[in-house]
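Examination of the molecular architecture
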Amino acid sequence: MTVVGGTGFLGRRIVSRLLDRAVDVRAVSRHPHKDKSASGKRPSQQIEADILDPSSIAAAVAGSRAVVNAVSLYVERGEQTFERVHVEAAADLATASRHAGVEMFVQISGIGADPKSRSNYIRARGRGEEVVKAAFPGAVIVRPAVMAGPDDLFITTIARLVQILPIYPLFGEGGTRLQPVYVEDVAEAVSRLALGQHSTAASIFECAGPRIYSYRELVRQIASQLKARIVLVPVPFAVWGILATATEFLPAVSLTRNQVDLMRHDNVAAKDLPGLEELGIEPRGLEELIHMIDHKARAGT
Ligand SMILES: NC(=O)c1ccc[n+]([C@@H]2O[C@H](COP(=O)([O-])OP(=O)(O)OC[C@H]3O[C@@H](n4cnc5c(N)ncnc54)[C@H](OP(=O)(O)O)[C@@H]3O)[C@@H](O)[C@H]2O)c1
């Protein structure tokens, strides 16, 4: 089994779930030595390859029964554009997998992926799904909601900010609806799909948590669980867009334009698509996760 992006936030948990089942797993990334896995589990093979380089990718998938594409790109840099990584390279990976005789291909996308979106990022995610399905008939698309877990970028950032800021700036009025999901639940879903341990023939799964929050409610919930006093202040999306454009290349800042674009739209699972429940997974609630995330952040792990 090959997990491309197998050292990432989601990818290394997929690797870990597969190793738990004694599956031979290859983790592929450009910097395999940067694997931050806290579980101590090591993939059977760590392969250095760039999804933008078709020859190294062909070698990485050779002999695999299933391939998972868990590569991310959140900020465009040089030849690393959303189109190049999420569309062209995803199609190349799916094609290489088909040529190598791979039986199952799982493409990690995101809720809200839309090939007609005005946002470059959201459009590339939607087009990526289309090209993967064309290149690998039978491919399965997994669209996670915003994922939470120790070392995430979203809930951890809110948890940190509510504890240091007296005033918390909201995206717009804070009305965007979100359905955060525990990253381990998504990893389990992807593992079951990659191993063919599912009874539904569906090709798109939307993986979301048990509860829908408005962004405002989410910040309040996190602040209240962490006993932080906070005043919420609406900030127009146009202001966030300018801020993200000015700061997204700074290493210490985790605000990007695609994040602002995503926050303009509700990010909740479609009622007519299967998800965690259909895969036999009971999603973990945010209440349980907030203290875990805060504890890990304080411990610096
Ligand atoms: N995080 C979320 O809340 C969230 C929500 C919805 C959907 N998703 C989607 O879930 C997927 C995984 O996201 P994530 O948050 O786990 O990402 P991540 O932590 O940034 O991990 C990305 C992985 O891809 C590898 N990678 C990046 N560029 C590569 C390239 N050119 N060639 C080979 N490997 C490459 C990275 O390692 P190297 O940098 O060493 O190559 C790393 O292993 C993405 O498709 C993302 O859009 C994430």
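Criteria and thresholds
- Residues numbered from 1 in each chain as written.
- Predicted model: local features only at pLDDT ≥ 70, side-chain atom pairs only at ≥ 80, totals over all residues.
- Heavy atoms only, no water.
- Buried < 20%, exposed > 50% of the residue type's maximum accessible area, 1.4 Å probe, protein only.
- Helix = DSSP H or I, 4+ residues; strand = E, 2+ residues; numbered from the N terminus.
- Pairing = 2+ DSSP bridges.
- Near = heavy atom within 4 Å.
- Polar contact = N/O pair within 3.5 Å; in protein donor to acceptor, adjacent residues only side chain to side chain.
- Areas by Shrake-Rupley, 256 points an atom, 1.4 Å probe, with all protein chains shown as cover.
- Nonpolar A, V, L, I, M, F, W, Y, C, P; charged D, E, K, R; others polar.
- Axes fitted to C-alpha atoms, helices over the stretch in contact; angles between N-to-C directions.
- Phe/Tyr/Trp six-rings, centres within 6.5 Å; stacked < 30°, edge-to-face > 60°.
- Patch = residues over 30% accessible without salt bridge, like charges linked within 9 Å, V, L, I, M, F, W, Y side chains within 5 Å.
- Salt bridge = Lys/Arg side-chain N within 4 Å of Asp/Glu carboxyl O.
- Contact = heavy atoms within 4.5 Å.

A word on the pairing of strand β11 (residues 204–207)
- The alternating pattern of β11 places I204 and E206 on one face and F205 and C207 on the opposite face, and all of these are buried.
- Both strand β6 (residues 140–144) and β11 contribute to a ladder of 4 bridges, which runs parallel. Bridge pairing in β11 places I141 opposite I204.

A word on the site of the ligand
- Not every one of the 24 residues close to the ligand is listed here, only the nearest: T7, R30, S72, Y74 and R125.
- At 2.8 Å from an oxygen atom of the ligand is found a side-chain nitrogen or oxygen belonging to Y74.
- Here an oxygen atom of the ligand sits 2.6 Å away from a polar atom, N or O, in the side chain of R125.
- Its free accessible area being 890 Å², the ligand has 85% of it covered by the protein chains.
- Looking at the shell around the ligand residue by residue, the classes come out as 13 nonpolar, 8 polar and 3 charged.

Observations concerning the sheet that holds strand β3 (residues 45–48)
- An order of β3-β2-β1-β4-β5-β6-β11 is seen for the 7 strands of this open sheet, with the pairing classed as parallel. The sheet terminates laterally at β3 and β11, the two strands that pair on one side only. Geometrically, the sheet is characterised by an average inter-axis angle of 20° between neighbouring strands, direction not taken into account.
- Both strand β4 (residues 66–69) and strand β5 (residues 104–108) contribute to a ladder of 4 bridges, which runs parallel.

A word on the environment of K34
- By the element assignment, K34 lies in the loop between β2 (26–29) and β3.
- Exposure remark for K34: the relative accessible area of 54% places this residue in the exposed category.
- A sequence separation of 213 residues divides K34 from T247, and the C-alpha atoms of the two residues are 25 Å apart.

As for unusual backbone geometry
- Its identity as a non-glycine residue notwithstanding, A22 has a phi of 60°, on the positive side.
- Take A22: its relative accessible area is 72%, and that puts it in the exposed class.
- Positive phi is not limited to glycine here, since K227 has a value of about 55°.
- In this fold, K227 is placed in the loop between α7 (215–225) and β13 (231–235).
- Assessed through its relative accessible area of 75%, K227 is described here as exposed.

So, the packing of aromatic side chains
- This model, assessed by the stated rule, comprises 6 aromatic pairs.
- Between F171 and F237, the aromatic rings sit 6.4 Å apart at their centres with planes inclined by 20°, giving stacked as the arrangement. With a gap of 66 residues between them, F171 in strand β8 (residues 167–171) and F237 in helix α8 (residues 237–247) connect regions that are remote in the sequence. The same class applies to F171 and to F237, which are both buried.
- These aromatic residues form a ring-pair network of at least three members: F154, F171, Y215, F237 and W240.

Topic: a nonpolar patch on the surface
- Together, I167, V231 and V233 make up an exposed nonpolar region whose accessible area comes to about 230 Å².
- With respect to the helices, strands and loops of the structure, I167 is situated in strand β8.

Quick look at the environment of I158
- Checked against the element boundaries, I158 lands in helix α5 (residues 155–164).
- Given the relative accessible area of 2%, I158 is considered buried.
- For the pair formed by I158 and T176, sequence separation is 18 residues and the distance between their alpha carbons is 15 Å.
- In contact with I158, not counting residues within four places along its chain, are Y168, Y215, L218, V219 and I222.

Regarding the pattern of salt bridges
- Per the stated rule, a full pass over the model turns up 17 salt bridges.
- One salt bridge connects R192 with E188, and the closest N-O pair in it is separated by 2.7 Å. With R192 and E188 both in helix α6 (residues 183–194) and 4 residues apart, this pair spans about one turn of that helix.
- The buried category is assigned to E188, whose relative accessible area is 9%.
- A salt bridge links R264 to D261; the nearest nitrogen and oxygen atoms lie 4.0 Å apart.
- For D261, a relative accessible area of 24% gives the class partly exposed.
- Linked through salt bridges whose partners overlap, the residues forming this network are R12, R13, R17, R21, D151, E184, E188 and R192.

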